[in-house]
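Letter by letter, the chains look like this.
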Amino acid sequence: RKAIASMGLGGVALAETIFARESPMTADTNGSLQRYPSVLALKSQSTLKEGDWAETAGFYAPGDGGAAWYRIQKSSATLSPNDADILDVGRQLIAVLQEKRAVNYKMFGAPGDGDHNDGVQIKLAHEYANRHRVPVVNLSGEFWIRQTHNIPIVTSVTWGQTIFHIDEKFN
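Since the structure is predicted, the reported quantities are computational estimates derived from the model, not experimental observations.

A. The arrangement of the pattern of salt bridges in detail. Within this structure, the stated rule accounts for four salt bridges. A salt bridge links D52 to K49; its shortest N-O distance comes to 3.2 Å. Between D85 and R131 there is a salt bridge, with the nearest N and O atoms lying 3.2 Å from each other. Here D85 is found in the loop between strand 3 (68-74) and strand 4 (86-90), whereas its partner R131 is found in helix 3 (residues 119-132), with 46 residues between them in sequence. The exposure class assigned to R131 is exposed, which follows from its relative accessible area of 53%.

Now the structure itself:
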């Protein structure tokens, strides 16, 4: 039992080391790191300041697949909030997605519930992936594309068991 327990603790220590290396924070940042259960919780925070980092456990709810890292910065004419990878957090500040390894549709707010046009968020995910040269890895889920056209798929994509419902009456 002790050997198994020590392997478990060693595994946790190794995982913490790996995740620390994979985080987007760098040694020269002066901002603090805050963790939030969702994007809504991040957007409702009034203590954020330029240079801070924010981590969400999900887009709508913890564990929904939309967990991501954001850097807080001042709004600018070149970065407009889109409620996906650029979030308006108030006081002329925005939270900008900082994913450099891969993105998925949930990170951009695609609910995949059948009631919404997920095409908007899917398009934003692919545009982000193209700009930052990262793959789109979306291994599961069902997404509905209704009135969204010209989704630019340029980088590598892994869809796994993802299902797309495309409403042809808009195409």
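B. Local environment of the nonpolar core. Membership of the largest hydrophobic core comes to 29 residues, with the highest contact counts inside it found for L42, Y70, A95, L97, V103, Y105 and F108. In terms of residue count, helix 3 provides more of this core than any other element does, five residues in total. Not counting chain neighbours up to four residues away, the residues in contact with V103 comprise L97, F108, A125, Y128, A129, V134, P135, V136 and V137.

C. Here's a closer look at the environment of F108. Looking at the secondary structure, you find F108 in the loop between strand 5 (93-97) and helix 3. The class of F108 is buried, set by a relative accessible area of 0%. Residues F108 and A67, spaced 41 residues apart in sequence, show a C-alpha to C-alpha distance of 9.7 Å. Apart from residues lying up to four places away in sequence, F108 is in contact with F59, D83, A84, D85, L97, V103, Q121, L124, A125 and Y128.

D. Here's a closer look at the sheet that holds strand 4. Taken together, the five strands give an open sheet; going across it, the order is 1-2-3-5-4, and neighbouring strands pair in mixed fashion. Of all strands in the sheet, those with a lone pairing partner are strand 1 (33-36) and strand 4, marking the two edges. Averaged over all pairs of adjacent strands, the angle between their axes in this sheet comes to 30°, without regard to strand direction. Two strands pair when backbone bridges link them, and strand 3 and strand 5 are joined in this way by five bridges, in the antiparallel orientation. Looking across to strand 5, one finds that K74 is bridged to L93.

Thresholds, definitions, all that
Residues numbered from 1 in each chain as written. Predicted model: local features only at pLDDT ≥ 70, side-chain atom pairs only at ≥ 80, totals over all residues. Heavy atoms only, no water. Salt bridge = Lys/Arg side-chain N within 4 Å of Asp/Glu carboxyl O. Helix = DSSP H or I, 4+ residues; strand = E, 2+ residues; numbered from the N terminus. Buried < 20%, exposed > 50% of the residue type's maximum accessible area, 1.4 Å probe, protein only. Core = buried A, V, L, I, M, F, W, Y, C linked by side-chain atoms within 4.5 Å. Contact = heavy atoms within 4.5 Å. Pairing = 2+ DSSP bridges. Axes fitted to C-alpha atoms, helices over the stretch in contact; angles between N-to-C directions.

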